[in-house]
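Overview (structure and organization)
The lines below spell out each chain.
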Amino acid sequence: MERKNAWLSYTDEQLNEIETLSKNYRRFLDMGKTERECVSFTIDMAKKHGYMDLNDCIANNKKLQPGDKVYANCMGKAIALFLIGKKPIEQGMNILGAHIDSPRIDVKQNPLYEDSEFVLLDTHYYGGIKKYQWVAIPLAIHGVVAKKDGTVINVVIGEDENDPVVGITDLLIHLSADQMQKTAAKVVEGESLDVLIGSKPKKDVEKEAVKTYILDILKEKYGFEEEDFLSAELEVVPAGKARDFGLDRSMVMGYGQDDRVCAYTSLEAILEVNDAEKTCCCILVDKEEIGSVGATSMDSRFFENTIAEIMNLTGEYSELKLRRALTNSKMLSSDVSAAFDPLYSSVYEKKNTAFFGYGVVFNKFTGARGKGGSNDANAEYISEIRRIMDDNNVRFQTAELGKVDVGGGGTIAYISANLGMQVIDSGVAVLSMHAPWEITSKSDIYEAKKCYMAFLKNA
Ligand code: MN
Ligand code: MN
């Protein structure tokens with residue numbers, strides 16, 4: 001199947017659009033390094049585009065009309081946006097889904113200790129990481145500390161250029177003879193991913209003088225104490241901003257592009273739609289990287305409950321109509337794909353692999369060991385998607401995650417598919433997926449947004 005590199009087809013105007021989109025996208029990556037920050041950013045953007053808080057609508061028993069826009073915030077970690085369409089919701093929605101959690105290193109509940117006059121934070125990593133990639137790089141701390149009195153302190157340390165950064169040390173090569181014999185999985189072990197945060201003892205303190213000084217700083221600068229770590233969610237992530245990548249500036253390097261590249265393009269797409277035949281939805285969820293578990297994940301009842309509330313406000317709620325709305329819906333479950341990497345060509349089967357510059361990726365199925373754990377999109381649905389993409393000049397490619405039996409992975413697609421709707425995995429190809437700094441192609445980001453717009457309007 002002959003396909004051409006999308007870069008060859010762009011007009012000057014499109015090249016400008018690509019630059020604007022990727023600049024805005026980089027800003028999103030910088031401002032949204034945790035699921036909570038992504039939700040705050042999304043709410044700000046949604047409000048600017050006329051979206052109302054669903055809770056306010058419920059409180060005021062506001063009747064929702066076609067063209068109305070609402071968002072539902074799930075514990076500050078997941079969010080769903082709805083643009084009410086002209087047709088009854090019972091006839092189905094067009095849904096964009098992506099996840100906003102990314103692999104990282106979480107601070108433990110009782111994390112702080114002093115050893116040899118160093119103060120460190122004990123951690124437990126989140127999601128699938130190659131642990132050796134996270135040492136000897138600048139790291140930042142993002143998150144919240146919920147104090148016993150109910151106040152919640154937002155923490156961001158290490159992003160402002162005047163801020164200090166923190167990090168995890170690595171063993172010097174000179175003394176690494178034994179370490180270098182270990183397998184990559186064991187070179188750096190999970191329990192050793194402790195973050196160094198201080199080394200200066202406080203004067204006139206007998207015991208744990210360095211820790212005492214750090215606690216003073218936490219108290220003065222951030223307003224919390226050691227006990228408050230018990231009810232904190234602090235995420236250690238790569239410090240620094242997303243950047244243009246490559247001498248030709250054709251790519252973006254940034255933390256957390258899995259899956260914020262799909263989340264951001266989905267968000268921009270729905271915000272640009274103002275009226276639609278079918279109700280449009282964009283749901284951005286948490287906890288995908290640890291198996292979509294818990295109240296803020298795709299597997300939570302949050303999504304169904306929210307649709308029930310919205311149908312109640314449009315005046316069409318019944319349990320049966322809710323079930324029909326779900327069954328009649330169509331979804332692009334968007335997540336990143338593995339981009340072909342010539343340095344590791346042996347793990348890919350080239351005909352069924354995603355390449356940079358060839359557009360948004362559709363995966364009929366994902367999974368491992370004979371498609372295990374996968375959603376397998378219906379041929380009839382894929383034919384409809386192909387038609388919509390071609391009619392709207394959206395560049396797309398199809399792919400699998402590497403060669404058969406080399407590995408695999410899952411997404412949120414099967415969960416929404418379980419509600420009875422048509423779902424296909426789609427998204428953007430990524431190099432160095434799950435590494436601290438991931439790489440995407442600006443042209444693929446652009447095609448993804450075009451794909452989402454076309455889907456919302458035409459599916
Ligand atoms: Mn993902
Ligand atoms: Mn992932």
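Residues numbered from 1 in each chain as written. Chains lettered and ligands numbered in written order. Predicted model: local features only at pLDDT ≥ 70, side-chain atom pairs only at ≥ 80, totals over all residues. Heavy atoms only, no water.

Notes on the layout of surface pockets
Here the idea is plain: a probe the size of a water molecule rolls over the atoms and shows the empty space left. The calculated volume of the largest pocket comes to roughly 1300 Å³. As for the largest pocket, its lining consists of 45 residues, and the residues nearest its centre are Ala 338, Leu 401, Gly 408, Met 433 and His 434. Elements represented by at least two residues in the lining of the largest pocket include exactly strand S15 (337-338), helix H10 (413-417), strand S18 (422-427) and strand S19 (429-431). Among the residues forming the lining of the largest pocket, the class breakdown is 19 nonpolar, 18 polar and 8 charged. By volume, the second largest pocket amounts to about 750 Å³. If you go around the second largest pocket, you meet 23 residues; those closest to its centre are Met 1, Arg 3, Lys 351, Gln 397 and Thr 398. Within the residue set of the lining of the second largest pocket, elements represented by two or more residues are strand S16 (360-363), helix H9 (379-391) and strand S17 (396-398). Here the lining of the second largest pocket takes 5 residues from H9, the largest share from any one element. Partitioning the lining of the second largest pocket into residue classes produces 11 nonpolar, 5 polar and 7 charged. (1 Å grid on protein atoms, 1.4 Å probe; cavity = no way out; pocket = protein on both sides within 12 Å on 5 of 7 lines; lining within 4 Å. Points joined across faces, edges and corners; volume = space filled by probe spheres on them. Helix = DSSP H or I, 4+ residues; strand = E, 2+ residues; numbered from the N terminus. Nonpolar A, V, L, I, M, F, W, Y, C, P; charged D, E, K, R; others polar.)

Topic: the domain arrangement of the protein
As assigned here, the protein comprises domain 1 (6-102 + 255-458) and domain 2 (104-238). When each unit is reduced to the centre of its C-alpha atoms, the spacing between domain 1 and domain 2 is 33 Å. For the pair domain 1 and domain 2, the summed buried surface comes to about 1400 Å²; carbon and sulfur atoms form 51% of the total. Taken together, domain 1 and domain 2 are joined by 4 salt bridges. The partner of Arg 36 in a salt bridge is Glu 233, with the nearest N and O atoms 2.7 Å apart. (Domains from an automatic or database assignment. Buried area = accessible area lost by both parts, 1.4 Å probe. Salt bridge = Lys/Arg side-chain N within 4 Å of Asp/Glu carboxyl O.)

A closer look at the sheet that holds strand S9 (residues 195-198)
The strand order S8-S7-S10-S5-S6-S9 describes an open sheet built from 6 strands, whose pairing is antiparallel. Each of the sheet's edge strands pairs with one partner strand only, and the pair in question is strand S8 (152-157) and S9. Across this sheet, the average inter-strand angle for adjacent strands is 30°, counted without regard to direction. Bridge analysis of strand S5 (residues 104-115) against strand S10 (residues 232-238) gives 2 bridges, and the strand direction is antiparallel. Within the sheet, the bridge partner assigned to Ile 105 lies in S10 and is Val 236. Sheet contacts for helix H5 (residues 209-222): S5, strand S6 (118-126), S8 and S9; angle to S5, the most-contacted strand, approximately 130°. (Pairing = 2+ DSSP bridges. Axes fitted to C-alpha atoms, helices over the stretch in contact; angles between N-to-C directions. Contact = heavy atoms within 4.5 Å.)

Considering the coordination of the manganese ion (ligand 1)
His 99 (NE2), Asp 258 (OD), Asp 335 (OD) and Asp 335 (OD) make up the full set of protein donors to the manganese ion (ligand 1), lying at 2.1 to 2.5 Å. Motif for the manganese ion (ligand 1), donor spacing along one chain: H-x158-D-x76-D. Taken as a pair, the manganese ion (ligand 1) and the manganese ion (ligand 2) show a spacing of 3.3 Å, with Asp 258 coordinating each metal. Placement of Asp 258 in helix H6 (residues 257-271) and of Asp 335 in the loop between strand S14 (330-334) and S15 is noted, with a sequence separation of 77 residues between them. Note on Asp 258: relative accessible area 3%, which makes it buried. (Donors = N, O, S within 2.8 Å, 3.2 Å for Na, K, Ca; no water. Buried < 20%, exposed > 50% of the residue type's maximum accessible area, 1.4 Å probe, protein only.)

Brief notes about the coordination of the manganese ion (ligand 2)
The coordination sphere of the manganese ion (ligand 2) contains the protein donors Asp 258 (OD), Glu 289 (OE), Glu 289 (OE) and His 434 (NE2), at a distance range of 2.1 to 2.6 Å. For the manganese ion (ligand 2), the donor residues sit on a single chain with the sequence spacing D-x30-E-x144-H.

Considering the packing of aromatic side chains
Throughout the structure, instances matching the rule amount to 12 aromatic pairs. Consider the rings of Phe 28 and Phe 41, whose centres lie 5.0 Å apart with planes at 70°: the pair is edge-to-face. With Phe 28 in helix H1 (residues 12-31) and Phe 41 in helix H2 (residues 35-48), the pair connects residues that are 13 residues apart, well separated along the chain. The structure contains a cluster of three or more aromatic residues connected by ring pairs, namely Tyr 25, Phe 28, Phe 41 and Tyr 264. Its guanidinium or amino end placed over the ring of Phe 396, Arg 3 lies 4.8 Å from that ring's centre, counting from NZ or CZ. Taking the ring centre of Phe 365 as reference, the NZ or CZ of Lys 371 above it sits at 3.8 Å. (Phe/Tyr/Trp six-rings, centres within 6.5 Å; stacked < 30°, edge-to-face > 60°. Lys NZ or Arg CZ within 6 Å of the ring centre and 35° of its normal.)

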